[in-house]
Structure formats: C-alpha cells, structure tokens
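The primary structure of each chain is shown beneath.
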Amino acid sequence: MNTEETNVDLKDADPQEAPGPGPDAVPEEAPGPAVDADATEADVSEADLDQVDQEDQVDQEDQEDQEDQEKQPMTGEGDRAEDAPSAGGEEAEPVPVPEKNGSVKLKIPEDEEEKFTGLTKEELLRVAGTPGWVRTRWSLLVVFWLGWLGMLGGAVLIVLQAPRCRDLPSSSWWNAGSLYRIGDVGAFSATHDLKGVEQKVGYLSQMKVRGLVIGPIHMAPADDVMSLRFEEVSSESGTLDQFKDLVQVAHKKGISVVLDLTPNYQGSSGPWFSNGSVTNVAERLKSALVFWVNQGLDGVQLSGVERVASMVPSLWTDIRAIVQNGTEGTLNKRVLIGVTERSAAEDVSALLNSTGVDLLISGVLLPGATEATDATERAQSVQLLYSAHSQLKLAWSLGGWGQGHLALLVGRGQGHLASLVGPALVRQHQLLLLTLPGTPVFNYGDEIGLMDEGNTFPRMLWDSEDELNGTLKEEWAERRSSRRFFSALSALRAKERSLLFGDFLLLSNSSSSLAYLRVWDQSERYLAAFNWAEEAAALHLSGAAALPRWAVVVLSTDGGALPADSSVDLTELRLGPGEAALLRFPYAG
C-alpha cells in the first residue's frame with residue numbers, strides 16, 4: 001500500500017471528523033517531501049494516526065469556540081474579527097461571524113446587595129461582655145452622674161444667690177380695692193330704696209369696687225335717744241328683706257357690704273347724743289351688732305369713735321370684739337371703720353393706736369385754708385402716717401361723711417369730690433386716692449364728678465337713653481370719660497402689687513407739685529406725678545430710689561399731651577396746668 005492510498009483510506013474512514021475550514025481553522029501545510037518508497041506499512045500508519053489526532057484536537061477547540069459564541073447575544077453582522085495570524089506569519093482576513101438563529105438576548109440581574117440584619121441576642125451579649133465595652137459603659141455612667149450633680153449644684157447656687165421674693169403681707173378684703181360710700185339710699189337709686197341699690201351692683205362691679213358702705217338706714221329720730229331702733233330699717237331706705245337681698249347679690253359679685261350704724265346720724269347732739277346717754281346707747285348698739293352680723297354683714301362703720309372709746313372704754317372693747325373677733329384667719333373677716341373729725345396727721349395717728357379700729361377715715365387730705373401750703377402739708381401728712389402705721393390700716397378720703405355736724409369737716413358743708421377740689425381736678429384727685437398706700441374711699445358720684453350743689457346728698461346722675469343736645473351732651477360725655485378713667489385706675493390698682501401694698505417713696509414735694517414712687521419687690525414700679533399749679537411745671541425727681549432714664553405713660557389726665565404707652569424722659573418730666581400722670585418702668589435688679 002503506497003502513501004496516496006493510505007491517505008484516501010483515512011479520509012473515507014471518518015469523513016465527519018474532518019470539518020471544512022472554519023474561521024479558526026489552521027491552513028493545511030504544504031506537502032512535504034515524498035515518502036521513501038521503501039517505508040514500511042507500520043511507519044505510514046503511525047504517521048497517519050498522528051495527523052488524525054491533531055485534527056480531532058482542532059475540531060474540539062472549534063466546537064468550544066462555537067458554543068461560547070452562541071452564549072453571547074445576537075449582534076447582527078459579525079462584530080469582531082479574528083486576530084490570529086496565519087501559519088505563514090501573515091494576518092488572516094477577518095471572517096464575519098454569521099448570525100445565529102434562535103439566540104436570545106438575556107438580561108441577567110445583578111446580585112442584590114446583602115442587607116445587614118443586626119446582631120443576634122447571643123452576639124450582642126457576647127460583644128457587651130468584652131472588656132472594652134464594659135469600660136465604655138462605666139465611663140458614660142460616671143460622666144452622666146457628674147453632669148447631673150453639676151447641674152444640681154448650679155441650681156442650688158442660683159437659688160442661694162438669687163434675691164429672695166418678698167413675702168406678701170397678710171391683707172384683708174378691704175385692702176384689695178376701693179370702698180364706695182352710699183350715704184343716702186334714696187338719692188343714689190332710681191327707686192329710692194335698697195332695691196335700687198341692688199340693681200346697681202353690676203355697675204359697682206365694673207368699677208372694681210371692693211366694698212359697699214351703706215347708710216345709716218336704721219330708725220333714728222333726731223336727738224331722740226328713746227326712739228332709737230338699730231334693728232329696724234327706716235321706711236325711706238327700704239326693708240330688711242331688701243337689705244338681705246342686697247347682701248346676697250353683692251357677695252356674688254365679690255363685693256362686701258358694710259353698714260353705717262352711727263346712732264344719732266340725723267341729729268346734732270353727740271357724738272352718740274350726750275355724756276349721760278352714751279352708756280345706754282353703747283349697750284343697745286352691742287345687741288344690735290349681733291343682730292346685723294347674723295344678716296351676713298361684712299363690717300360696721302361708726303362716727304365719733306374717739307369720744308366713745310375714751311368715755312366708755314369697756315363698752316368700746318365689747319363693741320370691737322363683736323365686730324372683729326371670730327373672723328381672724330378667715331376669708332370673710334369683718335371690718336370696723338371709724339370716722340373722726342380730726343385732720344392733723346399726729347391726731348389721726350394717735351387715734352389709730354387708741355381706738356383699735358381697722359380703718360380710720362379722717363380729714364387729713366382735705367384742702368386747708370391756705371392753698372399755697374396745702375400740697376406740701378398733704379404729702380408730709382401721708383409720709384408721717386405711712387411711717388408710723390402699716391398701710392393696711394390707712395384709709396384716704398376727701399369727702400364729708402354723714403349729715404349734720406360730721407359733714408362740716410374743716411368748715412365745709414359739701415361731701416363730694418368735685419365740690420371740694422373743683423370739676424377740673426376730679427381726675428387728678430382720683431389718681432391721688434387710688435395710688436396712695438392704703439384704702440381709697442369715695443362717695444357715690446365721685447367717679448363722674450358729681451357736684452353737691454348745696455345739698456350734701458345730691459341725686460345720682462345716670463346715663464340717659466334719651467338723645468341729648470348741646471350742653472347736656474357735653475356734660476354727659478365728660479361724666480362718662482371721668483368714669484372710664486376711674487374704672488381703669490381702679491382695675492389697675494386691684495391687680496398690681498406695687499399699688500396694692502408697695503412701698504411709698506416721696507420723690508418731689510412742693511406747693512405746686514408732687515411725685516412719689518410705689519415699689520414692691522421685683523414687680524413693675526409706678527410713679528405718680530401731680531402738678532397743682534395753673535401753669536406748666538417741670539418736676540425735679542430725687543430721693544433714695546434709683547430711677548431709669550425713661551418710663552412709660554399708663555394714664556394721664558391729659559391724653560393729648562401724654563398719650564398712653566408713650567415714653568417720657570424722667571430727667572425732663574414736665575406736666576401741664578393741673579395735669580397728673582401715672583408712669584411705670586420695670587424692675588432693673
């Protein structure tokens with residue numbers, strides 16, 4: 001068997017194992033030199049087998065390349081060329097990769113990022129027990145307690161170094177607002193009786209009145225001791241049931257009721273008639289006090305206390321005990337108010353000590369005979385009484401009290417504010433009474449500037465629903481403006497501690513002007529300034545109190561010159577003729 005026959009036989013034996021030239025096929029080598037004719041059959045067969053093995057290896061590699069190409073997505077025309085060099089060292093022409101039918105472009109999702117689920121309980125316990133974490137926990141615990149102790153120490157230090165709040169005084173209901181005196185029930189109300197007073201309780205509540213002083217209303221014929229009946233209400237005033245209803249309605253509005261039981265209020269003898277009858281009258285008054293206290297009364301007012309206390313001291317002690325005892329430490333304490341004709345500050349101070357009354361109404365603020373010295377003496381009297389007594393026992397009034405001889409204080413027969421100081425100065429004196437240290441006392445109608453007009457008890461003027469013209473309309477507008485001023489001041493006094501029980505500091509006092517300061521602890525300070533003269537005046541403020549440069553106007557009798565909430569320079573404080581103003585400034589520490 002020659003060589004050519006052997007090659008043919010091999011090709012015929014396995015035709016499938018000899019694939020055609022593919023893109024990766026290695027080109028056939030050039031035929032070599034002719035085999036020696038003398039070669040044996042064995043040599044030829046061995047050479048042929050080696051060639052077949054090489055071809056099988058090439059076919060296997062081609063098949064693997066073909067499988068890799070099929071895994072790739074379809075790209076249409078072939079997108080890459082073979083880079084393999086030919087056997088001769090020349091670069092082969094790039095062969096396009098045919099499109100594979102059935103190939104599918106797959107989008108293989110990316111592997112999701114593994115989420116941290118935290119440590120298990122066993123892992124946490126194992127980590128927490130490590131020395132590092134134990135030291136960390138102890139360090140944080142020590143830091144926490146050190147910080148807590150530091151804050152506690154700082155708080156204690158602040159409390160110790162901060163100024164201590166001043167304790168509030170043990171005050172009574174009559175120290176919380178003004179007293180409103182109705183000396184004649186018939187003149188005050190439209191119905192001329194106690195029922196009419198009851199109908200006006202709402203009006204009094206709007207003005208922040210704290211106490212209502214009624215009467216006298218008992219039966220007391222002039223200078224007739226035997227006809228005196230304390231427990232019986234006079235027909236001119238109403239009935240006992242009306243009085244009881246008045247007390248109940250007033251209490252619901254937070255207003256206390258005081259009854260004037262001055263014995264001979266319609267006569268000229270006394271006080272309390274004469275020396276021979278004072279003992280009898282005092283005994284009868286004792287039993288009458290028990291009767292009226294049982295009707296829900298909140299206090300009693302008596303005139304001429306200086307003579308009674310000195311003439312029958314034991315009976316006066318009993319009278320005081322009935323009114324004042326048994327109410328200490330309770331919310332509804334009863335007040336004993338005394339009325340005296342004395343006007344000198346020294347005499348009033350002595351009576352406060354000797355009579356033991358809770359409040360003493362006097363003529364200490366009434367205008368004197370000489371106007372030039374009146375303002376100066378008035379401020380000095382206030383300073384003397386304030387220095388000698390607790391302001392809780394001081395009472396300030398400018399009106400006459402009662403009829404007969406008691407109304408003729410310092411030679412004047414009038415009892416209302418406007419008649420005493422003039423209509424133009426009513427608001428100025430309202431401001432004075434409501435800012436002094438003590439309890440302000442007003443007559444009915446003082447809030448609107450009611451004039452006496454020759455009668456101690458003029459008819460009260462109420463707002464009319466009828467249309468007014470000309471002068472009547474102007475007078476009505478002025479009365480209403482005066483009442484608003486009074487109500488605003490009364491409401492302010494009822495809530496501001498500096499005005500309720502603050503210290504009294506005199507800043508300026510002359511025949512034409514007055515200025516003082518009311519101060520309580522860390523509350524707002526209030527400065528009251530008055531110009532009594534008929535021309536503008538500059539006030540030079542001095543005194544122990546340290547004043548700021550600026551203050552704010554709260555109220556002024558001339559809102560055009562000093563409007564509310566405007567700022568004023570205290571170093572250049574000027575007031576117009578007959579003007580008064582209330583200023584405030586904060587606590588500065």
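Computed from a prediction, not measured in an experiment: that's the story for all the values here.

(A) Quick look at the overall build of the protein chain. A count of helical and extended segments in the protein chain gives 17 helices and 18 strands. Relative to its full complement of 589 residues, the protein chain shows a buried share of 41%. Taking contacts inside the protein chain between residues at least 6 apart in sequence as the whole, the part at least 24 apart equals 69%. When the accessible surface of the protein chain is totalled, it reaches about 32,500 Å², and 52% of it is carbon and sulfur.

(B) Structural view of the environment of G576. As for its position among the elements, G576 is in the loop between β17 (573–575) and β18 (580–585). Each residue touching G576, except ones within four places of it in the same chain, is listed here: N531, E535 and A536.

(C) Layout of the sheet that holds strand β2 (residues 209–214). Pairing is parallel in the open sheet, where eight strands are placed in the order β8-β7-β6-β5-β2-β1-β10-β9. A strand with exactly one partner marks an edge of an open sheet, and here the two such strands are β8 (359–361) and β9 (395–396). As paired elements, strand β6 (residues 299–303) and strand β7 (residues 335–339) share five bridges and run parallel to each other. Residue pairing in the sheet places V300 in a bridge with L336 of β7.

(D) Structural detail: helix α12 (residues 345–355). Here α12 has its buried residues at A345, V348, S349, L351, L352 and T355. One side of α12 holds all its buried residues, which, seen down the axis, span an arc of 160 degrees. α12 presents E346, N353 and S354 as exposed residues on the side facing more than 90 degrees away from its buried surface. Directly beyond the C-terminal end of α12, a positive phi value near 75 degrees is found at G356.

(E) Highlighting the side chain of R427. When you line up the elements, R427 lands in helix α15 (residues 426–435). A distance of 3.4 Å separates polar atoms of two side chains, one belonging to R427 and the other to E478. In this view, R427 contacts E478, S481, S482, F485 and T557; residues no more than four positions away in its chain are not counted.

(F) Quick peek at the packing of aromatic side chains. In the structure shown here, the tally under the stated rule is 15 aromatic pairs. Ring geometry for F188 against W462: centres 5.3 Å apart, planes inclined by 75 degrees, an arrangement best described as edge-to-face. Of this pair, F188 sits in helix α5 (residues 185–188) while W462 sits in the loop between β10 (439–443) and α16 (470–495), placing them 274 residues apart in sequence. Each ring, one from F442 and one from F486, has its centre 4.9 Å from the other, and the planes form 80 degrees; the classification is edge-to-face. Residue F442 is found in strand β10, and its partner F486 is found in helix α16; the two are separated by 44 residues along the sequence. Overall, the relative accessible area of 1% leaves F486 in the buried class. One Lys or Arg, K200, reaches over the ring of W462 and ends 4.0 Å from the middle of that ring. Over the aromatic face of W532 sits the side chain of R378, whose NZ or CZ is 5.1 Å from the ring centroid.

(G) Fine view of the packing of helix α9 (residues 278–293) against helix α11 (residues 313–324). It is at 10 Å that the axes of α9 and α11 come closest, and there the two elements cross at 10 degrees. Between α9 and α11, the angle falls in the class roughly parallel. Touching T279, A282, E283, L285, K286, L289 and V290 of α9 are L315, D318, I319, I322 and V323, all from α11.

(H) The sheet that holds strand β13 (residues 525–531), seen in detail. Taken in spatial order, the six strands make up an open sheet running β11-β12-β13-β18-β15-β16, and their pairing is antiparallel. If you trace the sheet from one side to the other, it starts and ends with β11 (503–509) and β16 (567–569), each paired once. Shown here is a sheet whose adjacent strand axes are inclined to one another by a mean of 30 degrees, direction ignored. For strand β15 (residues 550–556) and β18, the ladder comprises four bridges, and the chain directions are antiparallel. Its bridge partner being in β18, S556 is matched across the sheet by A581. On the sheet, α16 packs against β13, β15 and β18 and is oriented at approximately 130 degrees with respect to β15.

(I) View of the packing of α15 against α16. Two numbers describe how α15 lies on α16: the axes approach to 10 Å, and their chain directions differ by 15 degrees. Judged by the inter-axis angle, α15 sits roughly parallel to α16. Of the two elements, α15 crosses α16, and the hand of that crossing is right-handed. On α16, the residues touching V426, R427, Q430, L431 and L434 of α15 are E478, S481, S482, F485, F486, L489, S490 and R493.

(J) Geometry of the pattern of salt bridges. By the definition in use, this model includes ten salt bridges. Of the charged contacts in the structure, one is a salt bridge between K195 and E198, with a shortest N-O distance of 3.4 Å. Of this pair, K195 and E198 both sit in helix α6 (residues 194–199), three residues apart, which is roughly one turn of that helix. Here E232 ties to R229 by a salt bridge, and the two come within 2.7 Å at their closest N and O atoms. Exposure remark for E232: the relative accessible area of 36% places this residue in the partly exposed category.

(K) Inspection of unusual backbone geometry at higher detail. Geometrically, the link from G215 to P216 is a cis peptide bond, its omega value of 15 degrees lying close to zero. Within the secondary structure, P216 is located in the loop between β2 and β3 (218–219). For D521, which is not glycine, the phi dihedral falls at a positive 45 degrees. Examined against the element boundaries, D521 turns out to sit in the loop between β12 (513–519) and β13. Of note, the phi angle at D565 is positive, near 70 degrees, even though the residue is not glycine.

(L) Seen up close, helix α8 (residues 240–252). Over its 13 residues, α8 extends 19 Å from the first C-alpha to the last, a length consistent with the 18 Å expected when each residue adds 1.5 Å. Those residues of α8 that sit buried are Q242, F243, L246, V247 and A250. Each buried residue of α8 sits inside an arc of 140 degrees when the element is viewed along its axis, so together they form one side. The outward face of α8, more than 90 degrees from its buried face, is lined by the exposed residues D241, Q248 and K252. Against α6, α7 (201–206), β2, β5 (256–260) and α9 lie the buried residues of α8. Backbone geometry just downstream of α8 places G254 in the positive-phi region, at approximately 75 degrees.

The rules behind the values
- Residues numbered from 1 in each chain as written.
- Predicted model: local features only at pLDDT ≥ 70, side-chain atom pairs only at ≥ 80, totals over all residues.
- Heavy atoms only, no water.
- Helix = DSSP H or I, 4+ residues; strand = E, 2+ residues; numbered from the N terminus.
- Buried < 20%, exposed > 50% of the residue type's maximum accessible area, 1.4 Å probe, protein only.
- Contact = heavy atoms within 4.5 Å.
- Areas by Shrake-Rupley, 256 points an atom, 1.4 Å probe, with all protein chains shown as cover.
- Pairing = 2+ DSSP bridges.
- Arc of directions from axis to C-beta.
- Polar contact = N/O pair within 3.5 Å; in protein donor to acceptor, adjacent residues only side chain to side chain.
- Phe/Tyr/Trp six-rings, centres within 6.5 Å; stacked < 30°, edge-to-face > 60°.
- Lys NZ or Arg CZ within 6 Å of the ring centre and 35° of its normal.
- Axes fitted to C-alpha atoms, helices over the stretch in contact; angles between N-to-C directions.
- Parallel < 35°, antiparallel > 145°, perpendicular 65-115°, else oblique.
- Left-handed = near helix turned anticlockwise from the far one by under 90°.
- Salt bridge = Lys/Arg side-chain N within 4 Å of Asp/Glu carboxyl O.
- Expected span 1.5 Å × (residues − 1).

That is the geometry; function is a separate question.
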